[in-house]
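# Structural characterization, general
What follows is the residue order along each chain.
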Amino acid sequence: NPYKIVSNKVLEKLYTKALPEASKIGAIVPAATAFSALTNADWNKLKSVGTLKTLPITFDSGTSRLTFEGAQLLDQAATLLNYNFPQYRVLVRGHTAPSGDEAANVTLSQERADLVANYLLQVHGVPQERIKAIGLGSADPLPREKNEAERAYRNRLARVEFILLEDKK
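Chains are numbered independently. Their residues run from 1 in the order of the written sequence. In keeping with the model being predicted, local features are shown solely for residues with a pLDDT of at least 70 and side-chain atom pairs are shown and tallied solely at 80 or more, while totals for entire chains, interfaces and linings include all residues. Only hydrogens and water are set aside; all other atoms, that is, all heavy atoms of the structure, feed into the side-chain values.

### What about the pattern of salt bridges?
- Think of a salt bridge as a Lys or Arg side-chain nitrogen and an Asp or Glu carboxyl oxygen that are within 4 Å of each other. Using the criterion set out here, one finds nine salt bridges in the structure.
- Across the pair E161 and R93 runs a salt bridge whose closest N-O atoms are separated by 2.9 Å. Of the two residues, E161 sits in strand 4 (residues 159-166) while R93 sits in strand 2 (residues 89-95), which places them 68 residues apart along the sequence.
- Residue E150 is joined to R144 by a salt bridge in which the shortest nitrogen-to-oxygen separation is 2.8 Å.
- Each residue's exposure class comes from its accessible area (1.4 Å probe, protein chains only) as a fraction of the maximum for that residue type: buried when under 20%, exposed when over 50%, partly exposed otherwise. What makes R144 partly exposed here is its relative accessible area of 42%. Runs of H or I in DSSP of at least four residues are treated as helices and runs of E of at least two as strands, each being numbered from the N terminus.

### Let's talk about the side chain of N105
- Note on placement: N105 falls in helix 4 (residues 102-124).
- Judged by its relative accessible area of 8%, N105 falls in the buried class.
- Definition of a polar contact: a pair of N or O atoms within 3.5 Å, with one able to donate and the other able to accept a hydrogen when the atoms are protein atoms, and with sequence-neighbouring residues admitted only if both atoms are side-chain atoms. Looking at N105, its side chain comes within polar contact range of the main-chain oxygen of S99, at 3.0 Å.

### So, the packing of aromatic side chains
- For this analysis, a ring pair means two rings from Phe, Tyr or Trp (six-membered ring only for Trp) whose centres lie within 6.5 Å, classed as stacked if their planes differ by under 30 degrees, edge-to-face if by over 60, and tilted for the remaining angles. All told, the structure shown has one aromatic pair when counted by the stated rule.
- When the centroid spacing of 6.4 Å and the interplanar angle of 40° are considered together, the rings of F85 and Y88 count as tilted.
- For F85, a relative accessible area of 25% translates into the label partly exposed.
- The class for Y88 is buried, based on a relative accessible area of 16%.
- Whether a charge sits over a ring comes down to the Lys NZ or Arg CZ being within 6 Å of the ring centre and within 35 degrees of the ring normal. We note R89 situated over the ring of W43; from NZ or CZ to the ring centre the distance is 5.7 Å.

Set out below in C-alpha cells:
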C-alpha cells in the first residue's frame, strides 16, 4: 500500500531539520513570541494585518451562550490562532444586528466578545496579554450582498471577528 507510512524516520528527520528546537515528532514547540501587557493606547497603536476568516460563531439568540456548533467553530479558530498565527495579537470584536436598544446591543456584543476571549484563554491557553475583546453593537454592519434576503443579511450581522495585529517595529 503506497499510502501507508511504514517508517517515520524520514518524517522525523524532516521535522527536526525544519524545527531544530523540537526533539521528536509530537514535541510541543514553545511559541516564538512572548506578549507583554498593553494599555488601551498601546492596543490602538498596533498594526492590523488582517481578519481571520472563519465560519460564523453562533450564539443562542439574544444571549452570550455559545451554541454547540459555535463552540466547535471557536475550537477551529483557536487552532488556527495558536498554530498558524502565533506571532500576532488578537482583537476579538463582537457585533449584533441592529434592533431594539443600541445600548443593549453594545452590552450583548461586549459579553459575546468577552466570552470568546475567555474561552480562548481558558480552554486553549491563549495568553491573556495577546487578546483584547471589544463590543461594537450594530455600529459596524457588513455590506448587504446583491439579492440577499433580509433574514440572511441580519443573521450575518451578528458575528464575532478575529483581527490579527502586530506590534509596529
